[in-house]
Amino acid sequence: MKIGIIGAGFIARAVTAVAMKSGHEVMVSNSRGPDTLFSLTGTTGCKAGTPAEAAAFGDLVVIAIPLKAYQSIPDIELVGKIVLDANNYYPVRDGHIEALDRGQLTSSELLAQHLPKSQIVKAFNAIVAADIEKDGRSAGAADRRALPIAGDDQTAKRIVSELFEEIGFDVVDAGPLKEGYRFQPDTAAYCVRLDKGGLHKALSSTER
């Protein structure tokens, strides 16, 4: 599978590493241009491009940029594509967004408004970058970690779940995109190492 990544921070680099290891093709992008990504391409063998090029390249595209920049994400190139939203809302970094502060929307629903013709799946937002590379385990391992996802499209969630299984994680489906609040920052499921049962409990215990 071809995976495009918009963003080149720690999460993007960790996803690149595990995806390449699993045999996928990856193109990473940032706002500064492909030439600034030479160290990443040199160490991983991934491709580099502009955000629009990464969006066009990927069968599946990961968004891993500060939420405040979500309106810069190319929309035409992402029509009909599965988009993994690894973003989180941090007002101290992103500024205050009234709809999020009031709980009217989740951050992934905000992204979905910007990309109405894409299939958004909230994923990779509730794990720190270092753990993406070191916590993957073979299926059935006693210490296998589970990660949450949320989304409105069942086919998209199935494909994302298959990717997570490939890179060594169990998956817990939290439900539609609006349920993504259950694993946003400051919740019991956020960046906590849990197995499938523990993650189910953490998600269920979170109230809006």
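Structure's up top.
Calculation rules
- Residues numbered from 1 in each chain as written.
- Predicted model: local features only at pLDDT ≥ 70, side-chain atom pairs only at ≥ 80, totals over all residues.
- Heavy atoms only, no water.
- Helix = DSSP H or I, 4+ residues; strand = E, 2+ residues; numbered from the N terminus.
- Buried < 20%, exposed > 50% of the residue type's maximum accessible area, 1.4 Å probe, protein only.
- Contact = heavy atoms within 4.5 Å.
- Pairing = 2+ DSSP bridges.
- Axes fitted to C-alpha atoms, helices over the stretch in contact; angles between N-to-C directions.
- Arc of directions from axis to C-beta.
- Lys, Arg positive; Asp, Glu negative; His and termini not counted.
- Salt bridge = Lys/Arg side-chain N within 4 Å of Asp/Glu carboxyl O.
- Core = buried A, V, L, I, M, F, W, Y, C linked by side-chain atoms within 4.5 Å.
- Phe/Tyr/Trp six-rings, centres within 6.5 Å; stacked < 30°, edge-to-face > 60°.

## Some words on the overall build of the chain
Point 1. For the chain, the helix and strand inventory stands at nine helices and eight strands.
Point 2. Seen along its three principal axes, the alpha-carbon backbone of the chain occupies a region of about 45 × 40 × 30 Å.
Point 3. Going through the 208 residues of the chain one by one, you find that 53% of them count as buried.
Point 4. Expressed as a percentage of contacts within the chain between residues at least 6 apart in sequence, the contacts between residues at least 24 apart total 63%.

## What to know about the pairing of strand β4 (residues 60-63)
Point 1. Of the two faces of β4, the one lined by L60 and V62 and the one lined by V61 and I63 are each fully buried.
Point 2. The sheet contact formed by strand β1 (residues 2-6) and β4 spans four bridges and is parallel. The partner of I5 across the bridge, within β4, is V62.
Point 3. Pairing of β4 with strand β5 (residues 82-85), which is carried by four bridges, proceeds in the parallel orientation. By the bridge assignment, V62 is partnered in β5 with L84.

## Describing the sheet that holds β4
Point 1. Here we have eight strands laid out as an open sheet, ordered β3-β2-β1-β4-β5-β6-β7-β8, and mixed in their pairing. Looking along the sheet, the strands with just one partner apiece sit at the ends: β3 (47-49) and β8 (170-173). Each strand axis lies, on average, 25° off the axis of its neighbour in the sheet, ignoring direction.
Point 2. The strands touched by helix α6 (residues 107-114) within the sheet are β4, β5 and β6 (119-122), with β6 carrying the most contacts at an inclination of about 165°.

## What about α6?
Given 3.6 residues to a turn, an α-helix orients residues that are three or four positions apart in the same direction.
Point 1. Along α6, the positions that sit buried rather than exposed are S107, S108, L110, L111 and H114. The buried residues of α6 occupy one face: seen down the axis, they fall within an arc of 155°.
Point 2. Of the surrounding secondary structure, the elements contacted by the buried residues of α6 are β4, β5, α5 (98-101) and β6.

## Observations concerning the side chain of K81
Point 1. Of note, K81 is situated in the loop between β4 and β5.
Point 2. Within the buried core, K81 has no salt-bridge partner, and the shortest N-O distance to an opposite charge, that of D59, equals 6.2 Å.
Point 3. Sequence-distant contacts of K81, that is, excluding residues within four places in its chain, are made with A55, A56, F57, G58, D59, K117, S118 and Q119.

## Things to note about the nonpolar core
Point 1. Among the nonpolar cores identified, the biggest contains 34 residues, and I3, I5, V28, L84, F124, V160 and F164 are the most heavily contacted of them.
Point 2. Taken together, the elements giving at least two residues each to this core come down to β1, α1 (10-21), β2 (25-29), β4, β5, α7 (129-134), β7 (146-151) and α8 (154-166).
Point 3. The dominant element in this core, judged by the number of residues it contributes, is α1, at five residues.
Point 4. In contact with I3, other than residues within four places in its own chain, are A19, H24, E25, V26, M27, F57, G58, L60, V62 and L163.
Point 5. Counting residues in each nonpolar core, the second largest holds 20 residues, with V61, I63, I73 and A99 among its members.

## Here we look at the packing of aromatic side chains
Point 1. The tally for this structure, following the rule as stated, stands at one aromatic pair.
Point 2. Note on F124 and F164: the rings are 4.6 Å apart at their centroids and 45° apart in plane angle, and the pair reads as tilted. Taken together, the residues F124 in the loop between β6 and α7 and F164 in helix α8 connect sequence positions 40 residues apart. We note that F124, like F164, is buried.

Such coordinate-based values are descriptive only and should not be taken to indicate function.
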